[in-house]
Amino acid sequence: MEENNQQRLDLTAFAAKMMTVRQQIATVVVGQNEAIDLLLTALIADGHVLLEGVPGVAKTLLARLMAKLVDAQFSRLQFTPDLMPSDVLGTSVFNMRDSEFEFHKGPIFADFILVDEINRAPAKTQAALFEVMEERQATVDGTTYPMGDLFFVVATQNPVEQEGTYKLPEAQLDRFLMKVVMGYPNAENEMLILKRHHDNIRLTRLDDIQAVISASELAQFRALIEKVVVDDSLLRYIVDVVQLTRSSRAVYLGASPRAAVAILKAAKGYALLQGRDYVIPDDIKFVAPSVLQHRLILTADAEMEGYTAAAIVQSFFDQVEVPK
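What comes next concerns the included structure. Keep in mind that this is a model prediction, so the values were computed, not measured. Numbering of residues begins from 1 in every chain and follows the order in which that chain's sequence is written. Since the coordinates come from a predicted model, pLDDT governs what is reported: local features require at least 70, and pairs of side-chain atoms require 80 or more to be given and counted, while whole-chain, interface and lining totals use all residues. Hydrogens and water molecules were not included; the side-chain quantities draw on all heavy atoms of the structure.

1. Here we look at the overall build of the protein
Stage number 1. Helix numbering and strand numbering both begin at the N terminus, where a helix is a DSSP run of H or I of at least 4 residues and a strand a DSSP run of E of at least 2. Counting its secondary structure elements, the protein contains 13 helices and 13 strands.
Stage number 2. Along the longest, intermediate and shortest principal axes, the C-alpha atoms of the protein span 70 × 50 × 50 Å.
Stage number 3. Areas reported as accessible are Shrake-Rupley estimates using a 1.4 Å probe. Residue values count occlusion only from the protein chains shown. Within the structure as shown, the protein displays about 16,400 Å² of accessible surface, and the carbon and sulfur contribution to it stands at 51%.
Stage number 4. When the 31 positive and 43 negative side-chain charges of the protein are each reduced to one mean point, those points stand 2 Å apart. When charges are counted, Lys and Arg are positive and Asp and Glu negative, with His and the chain ends excluded. By convention, the charge on Lys lies at NZ, on Arg at CZ, on Asp at CG and on Glu at CD.

Structure below.
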């Protein structure tokens with residue numbers, strides 16, 4: 001295999017940190033292992049995440065917890081229908097003493113940003129995130145202000161409640177590396193949640209959580225992505241699946257080349273989380289539905305028949321031969 005032709009990465013420190021992170025998360029959040037894996041993958045792969053789920057499944061709690069575990073500047077934005085772009089980006093204020101305008105940075109200027117209920121703000125405010133999330137800079141009054149190196153956005157939304165919400169445009173959805181759907185806990189995990197409350201065992205408070213990963217360590221971990229080995233057969237595997245999204249009768253708008261790159265990046269991040277410095281087909285199969293489901297637009301017939309984008313992506317993998 002190709003991964004044996006280069007010097008292997010030493011993932012000892014990385015693995016130890018990830019184990020500690022998982023242990024800390026388990027003291028606060030019960031279950032949701034797949035969502036946690038995907039969120040950690042996006043953090044390492046340096047891509048933004050859209051968390052979707054009904055109220056009460058710990059979307060905001062998980063995002064805040066992740067922010068606590070990284071020693072970085074945290075900011076939270078609660079999107080509402082009356083929120084203005086200046087409330088996100090900041091505004092220029094006239095300084096009477098110096099007789100000139102000063103730019104006061106908004107809450108988006110942080111390392112880890114939680115955007116709660118992102119679909120509750122109107123298009124004008126959502127558009128304020130376009131440049132920020134893609135180019136990691138904000139242009140206000142003709143001046144461009146760069147974001148920090150660790151800039152990471154986690155946005156939440158409720159898929160059920162439609163009153164007072166605004167549909168996210170496809171251009172904005174494409175800014176997210178992944179859309180992670182958090183469902184209800186299974187019976188075993190829900191039983192554990194109830195037992196903890198019944199026995200008055202309080203879950204660890206977020207204020208008691210200490211940072212596990214420093215800003216410099218996170219930068220080093222992200223740099224490991226570039227050294228993860230991917231065989232050409234796996235690149236073809238990604239291309240074949242992406243090509244199917246463009247020819248399927250169930251899909252109105254298929255995945256772009258940017259989506260293919262996102263699958264590759266996420267697969268490399270997930271491989272690192274599994275303790276490997278090379279990608280295998282299962283890594284691609286695990287991350288691809290979350291990378292593609294918010295980028296595909298299904299046909300009306302497919303939606304009426306109850307198909308979901310994630311399920312259709314899984315069907316594509318059934319059609320493509322797995323590399324040996």
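2. A closer look at the nonpolar core
Stage number 1. Take the buried residues of types Ala, Val, Leu, Ile, Met, Phe, Trp, Tyr and Cys, join any two whose side-chain atoms come within 4.5 Å, and each joined set is a nonpolar core. Summary of the burial criterion: residues with accessible area below 20% of their type's maximum are buried, those above 50% are exposed, and those between are partly exposed, where the area comes from a 1.4 Å probe applied to protein chains only. Counting 81 residues, the largest nonpolar core has Ile25, Met178 and Ile284 as its most contacted members.
Stage number 2. Broken down by element, this core gets its largest block of residues, ten residues, from helix H10 (residues 257-273).
Stage number 3. In what follows, residue pairs with any heavy atoms lying within 4.5 Å of each other are defined as contacts. Setting aside residues up to four positions removed in sequence, Met178 forms contacts with Leu38, Thr41, Ala42, His48, Val49, Leu50, Ala266, Val287, Ser290, Val291 and His294.
Stage number 4. Grouped together as the second largest cluster of nonpolar side chains are 28 residues, Leu83, Val115, Ala121 and Leu129 included.

3. Regarding the packing of helix H1 (residues 12-26) against helix H3 (residues 59-69)
Stage number 1. Axis definition: a line fitted to C-alpha atoms, limited for helices to the stretch in contact. Angles are taken between N-to-C directions and run from 0 to 180 degrees. One can describe the packing of H1 onto H3 by two numbers: an axis separation of 11 Å at closest approach and a directional angle of 140°. Comparing the axis directions of H1 and H3 gives the class oblique. In this structure, H1 crosses over H3, and the sense of that crossing is right-handed. Contacts between H1 and H3 involve Val21, Gln24 and Ile25 from the first element and Leu62, Leu65, Met66 and Leu69 from the second.
Stage number 2. In this count, Pro and Cys sit with the nonpolar residues alongside Ala, Val, Leu, Ile, Met, Phe, Trp and Tyr, while Asp, Glu, Lys and Arg are called charged and the others, Gly among them, polar. A class-by-class count of the residues in the contact of H1 with H3 yields six nonpolar, one polar and no charged. In what follows, roughly perpendicular refers to angles from 65 to 115 degrees, roughly parallel to angles under 35, roughly antiparallel to angles over 145, and oblique to any angle outside these ranges. In this scheme the crossing of two helices becomes right-handed for a clockwise turn of the near helix relative to the far one and left-handed for an anticlockwise turn of less than a right angle.

4. Notes on the sheet that holds strand S3 (residues 74-78)
Stage number 1. Overall, parallel pairing links the five strands, which are arranged S3-S6-S9-S1-S10 in an open sheet. Both outer strands of the open sheet, S3 and strand S10 (176-181), are each paired with one neighbouring strand and no more. Strand-to-strand, the axes of this sheet are offset by a mean angle of 15°, without reference to chain direction.
Stage number 2. Examined bridge by bridge, S3 and strand S6 (residues 112-116) share five bridges and lie parallel to one another. What sits directly across from Leu77, in S6, is Val115.
Stage number 3. Relative to S6, H3 is tilted by about 170°, and along the sheet it contacts strand S1 (48-52), S3, S6 and strand S9 (152-157). Note on pairing: DSSP must find at least two bridges between two strands before they are called paired.

5. A word on the pairing of S6
Stage number 1. Of all the five residues making up S6, five are buried; the element is thus mostly covered by neighbouring parts of the structure.
Stage number 2. Burial of the side chains of S6 extends over both faces: Phe112, Leu114 and Asp116 are buried on one face and Ile113 and Val115 on the other.
Stage number 3. In the sheet, S6 pairs with S9 via four bridges, with the strands oriented parallel. From the neighbouring strand, Leu114 faces S9, where its bridge partner is Val154.

6. Some words on the pattern of salt bridges
Stage number 1. One speaks of a salt bridge when a side-chain nitrogen belonging to Lys or Arg is within 4 Å of a carboxyl oxygen belonging to Asp or Glu. With the rule as written, the count across this model stands at 13 salt bridges.
Stage number 2. Between Lys17 and Glu217 there is a salt bridge, and its shortest N-O distance comes to 3.5 Å. Linking Lys17 in helix H1 with Glu217 in helix H8 (residues 215-224), this pair joins segments that are 200 residues apart in sequence.
Stage number 3. The partly exposed category is assigned to Lys17, whose relative accessible area is 22%.
Stage number 4. By relative accessible area, Glu217 is classed as partly exposed at 22%.
Stage number 5. Salt bridges sharing partners connect three or more residues here, namely Glu134, Asp174, Arg258 and Arg295.

7. Examining helix H11 (residues 281-292)
Stage number 1. By definition here, a helix of n residues has an expected span of 1.5 Å times n minus one. For H11, which comprises twelve residues, the first-to-last C-alpha distance of 16 Å matches the rise-based estimate of 16 Å (1.5 Å per residue) to within 8%.
Stage number 2. With nine of its twelve residues buried, H11 lies for the most part within the structure.
Stage number 3. Here H11 has its buried residues at Pro281, Asp283, Ile284, Val287, Ala288, Pro289, Ser290, Val291 and Leu292.
Stage number 4. Summarising the contacts, the buried residues of H11 are in contact with helix H2 (33-45), S10, helix H9 (232-247), H10 and helix H13 (309-319).

8. A look at the environment of Thr143
Stage number 1. Of note, Thr143 is situated in strand S8 (residues 143-146).
Stage number 2. Each C-alpha atom of the pair Thr143 and Ser92 lies 11 Å from the other, and the pair is 51 residues apart in sequence.

9. Side note on H2
Stage number 1. Here H2 spans 18 Å end to end across 13 residues, near enough to the 18 Å set by a 1.5 Å rise per residue.
Stage number 2. Across the 13 residues of H2, eleven count as buried, placing the element largely inside the fold.
Stage number 3. Along H2, the positions that sit buried rather than exposed are Ala35, Ile36, Asp37, Leu38, Leu39, Leu40, Thr41, Ala42, Leu43, Ile44 and Ala45.
Stage number 4. Immediately downstream of H2, the backbone of Asp46 shows phi near 60°, a positive value.

By themselves, these figures tell us nothing about what the structure is for.
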